[in-house]
Amino acid sequence: MRHPLIPVFVFLGAVLLEIFGFAWVGGAVGALATVALVVITAAIGLLVFRIQGVAHWQRMQAMLARGEIPARELLEGWLLMLAAVLLLVPGFFSDTLGVALLVPPVRSGAARWLLKRRSVWVAAARDSTAARGETIEGEYRKRESERLQDKKDQ
């Protein structure tokens, strides 16, 4: 069982890493140049994201038009959005990770890796729901138009 505070520690670790990066780069090039670097990397990254996002959207539309299911492309789209968020977060380490996700082979490899782990996620979710013994209850009513359609089909 995972500890519930792990995400908090990961977040705090990321914040501390970014602060360390600011201090290190600021000591090397100065405060103004550090701020300029963060703004420039975010702007360039978002420009590349916009260009790749449009191309990615067009590829997905073409796949749907051919009747293919764009599972990996959808995941790559989410990774593109994650790259944009990482580029917007001020910091050099988040920018590095965001730029890495903008590189198509890296993004494609990450998507393949995540899709391979998909069956583990599904099994874990199914087991956790079954282990809790939860039952989902609901009601179902057929509309009059559906009843008439069913009678016509018979």
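Up top is the structure.
Residues numbered from 1 in each chain as written. Predicted model: local features only at pLDDT ≥ 70, side-chain atom pairs only at ≥ 80, totals over all residues. Heavy atoms only, no water.

A. Looking closely at the overall build of the chain. Of the regular secondary structure elements, the chain holds 7 helices and 0 strands. Reading the chain from its N terminus to its C terminus gives the helix and strand order α-α-α-α-α-α-α. Within the chain, buried positions represent 21% of all 154 residues. Within the chain, residue pairs in contact and separated by at least 24 positions form 59% of the contacts whose partners lie at least 6 positions apart. Here the chain has roughly 11900 Å² of accessible surface; of this, 69% comes from carbon and sulfur atoms. (Helix = DSSP H or I, 4+ residues; strand = E, 2+ residues; numbered from the N terminus. Buried < 20%, exposed > 50% of the residue type's maximum accessible area, 1.4 Å probe, protein only. Contact = heavy atoms within 4.5 Å. Areas by Shrake-Rupley, 256 points an atom, 1.4 Å probe, with all protein chains shown as cover.)

B. Geometry of the layout of surface pockets. Taken as a whole, the largest pocket encloses approximately 150 Å³ of empty space. Surrounding the largest pocket, F11, A14, V15, L17, E18, L86, V89, F93, S94 and L97 form its lining. Mapped onto the lining of the largest pocket, the elements with two or more residues apiece are α1 (6–29) and α4 (92–102). When residues in the lining of the largest pocket are grouped by element, the largest group, 5 residues, is from α1. (1 Å grid on protein atoms, 1.4 Å probe; cavity = no way out; pocket = protein on both sides within 12 Å on 5 of 7 lines; lining within 4 Å. Points joined across faces, edges and corners; volume = space filled by probe spheres on them.)

C. Local environment of α4. F92, S94, D95, G98, L101 and L102 are the residues of α4 that are buried. The secondary structure elements touched by the buried residues of α4 are α1, α2 (31–65), α3 (71–88) and α5 (104–116).

D. Region of interest: the environment of P90. Topologically, P90 is positioned in the loop between α3 and α4. In sequence terms P90 and V35 are 55 residues apart; their C-alpha atoms lie 9.0 Å from each other. Excluding its chain neighbours within four sequence positions, the residues that come into contact with P90 are E18, F22 and V38.

E. Looking closely at the packing of α1 against α2. Where α1 contacts α2, the axes come no closer than 7 Å and their chain directions differ by 125°. Between α1 and α2, the angle is such that the two are oblique. Here α1 runs over α2; the crossing is right-handed. Here F22, V25, G26 and V29 of α1 lie close against α2, whose contacting residues are A31, A33, T34, L37 and V38. Along the lines of polarity and charge, the residues of the contact of α1 with α2 split into 7 nonpolar, 2 polar and no charged. (Axes fitted to C-alpha atoms, helices over the stretch in contact; angles between N-to-C directions. Parallel < 35°, antiparallel > 145°, perpendicular 65-115°, else oblique. Left-handed = near helix turned anticlockwise from the far one by under 90°. Nonpolar A, V, L, I, M, F, W, Y, C, P; charged D, E, K, R; others polar.)

F. Summary view of the packing of α1 against α4. Look at α1 against α4: their axes get within 7 Å of each other, and the N-to-C directions meet at 105°. Judged by the angle between their axes, α1 and α4 are roughly perpendicular. Between α1, through L17, E18, F20, G21, F22 and V25, and α4, the contact on the second element is made entirely by F92, F93 and S94. Here the contact of α1 with α4 is built from residues that sort into 6 nonpolar, 2 polar and 1 charged.

G. Focus on the nonpolar core. Core analysis: the largest hydrophobic core is formed by 9 residues, namely L79, L80, A83, L86, L87, L101, L102, A111 and L114. Of all the secondary structure elements, the ones that give two or more residues to this core are α3, α4 and α5. The dominant element in this core, judged by the number of residues it contributes, is α3, at 5 residues. (Core = buried A, V, L, I, M, F, W, Y, C linked by side-chain atoms within 4.5 Å.)

That is the geometry; function is a separate question.
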